[in-house]
Amino acid sequence: MELTKSELEIMNVIWQAGRPLTRGEILDLSVDKNWKDNSIHILLNRLLAKGAIAESGFARSGKSYGRLYEAKLNGADYYAENVFSGGAARLEMLFDALLESPDLNAELAASFSKKLTDKALELA
């Protein structure tokens, strides 16, 4: 599934929340958005049409009720699909970027190492 940068920003907010969100909550949680607040309806409708999100009921929002939107597309699956769609070269570039990340610490490196070792044994 192809998502635009703005659509992906909304999906990241929903994935990080881990629960259905109203339009207002998505706006409140979208810190570094590249789209205008008035565009939220267009973006949500496009995500609904693509099957990335679904309506999951209503919640009280101020004096009225607002629709709740939940992810139908799993974040890990989306990112994995996009990484693997570029082949081995793209995957290796991602791995190199992860190793150079300033957010990488000893605990995270050990976790990655264990997962890679387990997968290598599984594939052998």
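Right above here is the structure, for reference.
Values in this document were obtained by computation on a predicted structure and should not be read as measured data.

(A) Looking closely at the sheet that holds strand S2 (residues 53–61). What the three strands build is an open sheet, ordered S1-S3-S2; its pairing is antiparallel. Edge positions in the sheet fall to strand S1 (21–22) and S2, since each has one partner strand and no second. In terms of strand pairing, S2 meets strand S3 (residues 64–71) through seven bridges, oriented antiparallel. Opposite alanine 59, over in S3, you have glycine 66 as the bridge partner. The strands touched by helix H1 (residues 5–17) within the sheet are S1, S2 and S3, with S3 carrying the most contacts at an inclination of about 90 degrees. Against the sheet, helix H3 (residues 40–50) engages S2 and S3, with an angle of about 140 degrees to S2.

(B) Layout of H1. Helix length check: H1 (13 residues) gives 19 Å between terminal C-alpha atoms against 18 Å at 1.5 Å per residue, within 8%. If you check which residues of H1 are buried, you get Ser6, Glu7, Leu8, Glu9, Ile10, Met11, Val13, Ile14 and Trp15. Of the surrounding elements, those touching the buried residues of H1 are S1, helix H2 (23–29), H3, S2, S3 and helix H4 (75–84). Phi turns positive one or two residues past the end of H1, at glycine 18, with a value near 70 degrees.

How each quantity is defined
- Residues numbered from 1 in each chain as written.
- Predicted model: local features only at pLDDT ≥ 70, side-chain atom pairs only at ≥ 80, totals over all residues.
- Heavy atoms only, no water.
- Pairing = 2+ DSSP bridges.
- Helix = DSSP H or I, 4+ residues; strand = E, 2+ residues; numbered from the N terminus.
- Contact = heavy atoms within 4.5 Å.
- Axes fitted to C-alpha atoms, helices over the stretch in contact; angles between N-to-C directions.
- Expected span 1.5 Å × (residues − 1).
- Buried < 20%, exposed > 50% of the residue type's maximum accessible area, 1.4 Å probe, protein only.

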